[in-house]
Amino acid sequence: MKVFLDNFSKTFFEKNNLAVTDPNSLNPDQNWMKAALAEAENSATDVPVGCVIVRNNVIIASAHNQRELNQDPTAHAEIIAIRQAAAHLNRWRLDDVCLYTTLEPCPMCAEALLQARVPRLVFGAYDIKSGAVGSAFNLYCEGRIYPLPEVKGGVLEHNCQKLLIDFFKNKARSIK
Ligand SMILES: [Zn+2]
């Protein structure tokens, strides 16, 4: 089957050594989560969280956490990716995309998804400390005036979790 990827996606997949395959031929959510994981691996000194935004089977935004890098408390992967997607589409309303993130969004990011009208969220690891879509809080509860996104958690959960655990293990080791 022919794969429709724009230049951005092609470069992204090549850069990260990902197989360029038809997302429909595999489990598409796992496929895109692999791209988010590859993005998370670029986080260097930052907590490894990666995010991709997909529209019509094309990645239109891809970012990792850059809080340390930019010394910006709001530079979470999801916020950066949402900004990239809005710039790419030249509109703030992202009501035709799916956002994939390796970690359950925090309250700031979960709210940003609502503000951007993202209709579908897929995440990897659950975050019992600050996950805002059910683990620590639930921002997507009834009574909100915005349409609530469909949420799917636990996609490639083990891989997403392992990346974080390894990061904190290494960090603890370097402090000793
Ligand atoms: Zn966040």
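Just above sits the structure.
Student: Which residues make up the overall build of the chain, and what values do they have?
Tutor: Secondary structure assignment for the chain yields 6 helices and 5 strands. When the elements of the chain are put in sequence order from the N terminus, they spell out α-α-β-β-α-α-β-α-β-β-α. Residue burial in the chain is summarised as follows: out of 176 residues, 38% are buried. By sequence separation, contacts in the chain at least 24 residues apart represent 54% of the contacts at least 6 residues apart.

Student: Describe the environment of Glu104, with residues and values.
Tutor: Among the structural elements, Glu104 can be located in the loop between strand 3 (98-103) and helix 5 (107-115). Note on Glu104: 27 C-beta atoms within 10 Å, which makes it buried. Once the C-alpha coordinates of Glu104 and Val133 are considered, the two residues, 29 residues apart in sequence, prove to be 7.1 Å apart. Those residues in contact with Glu104 that lie beyond four places of it in its chain are Phe123, Ala125, Tyr126, Asp127, Gly131, Val133, Ser135 and Gly153.

Student: Go over the pairing of strand 3, please, and point to the residues and values.
Tutor: Counting buried residues along strand 3, 6 of its 6 residues qualify, which places the element largely inside the surrounding structure. Examined bridge by bridge, strand 3 and strand 4 (residues 120-125) share 5 bridges and lie parallel to one another. Bridge pairing in strand 4 places Tyr100 opposite Val122.

Student: Now, about the pairing of strand 4: what can you tell me, with residues and values included?
Tutor: Here strand 4 lies mainly inside the structure; 5 of its 6 residues are buried. The parallel pair strand 3 and strand 4, bridged by helix 5, forms a crossover whose chirality is right-handed. Looking at chain direction, strand 4 and strand 5 (residues 150-152) are connected through 3 bridges and run parallel. Looking at the pairing, Leu121 lines up with Val151 of strand 5.

Student: How would you summarise the nonpolar core if you had to cite specific residues and measurements?
Tutor: Ala36, Val52, Ile53, Ala81, Leu99 and Tyr100 are the most contacted members of the largest nonpolar core, which totals 45 residues. When residues of this core are traced back to their parent elements, those giving at least two are helix 2 (28-40), strand 1 (50-55), strand 2 (58-64), helix 4 (77-89), strand 3, helix 5, strand 4 and helix 6 (157-175). Ranked by residue count, the leading element in this core is helix 2, at 7 residues. If we skip the residues at most four places from it in the chain, Ala36 touches Gly50, Cys51, Val52, Tyr100, Thr101 and Thr102.

Rules used in this analysis
Residues numbered from 1 in each chain as written. Predicted model: local features only at pLDDT ≥ 70, side-chain atom pairs only at ≥ 80, totals over all residues. Helix = DSSP H or I, 4+ residues; strand = E, 2+ residues; numbered from the N terminus. Buried ≥ 20, exposed ≤ 12 C-beta atoms within 10 Å, placed from the backbone. Contact = placed C-beta atoms within 7 Å. Pairing = 2+ DSSP bridges. Right-handed = clockwise from strand over helix to strand, strands pointing away. Core = buried A, V, L, I, M, F, W, Y, C linked by C-beta atoms within 7 Å.

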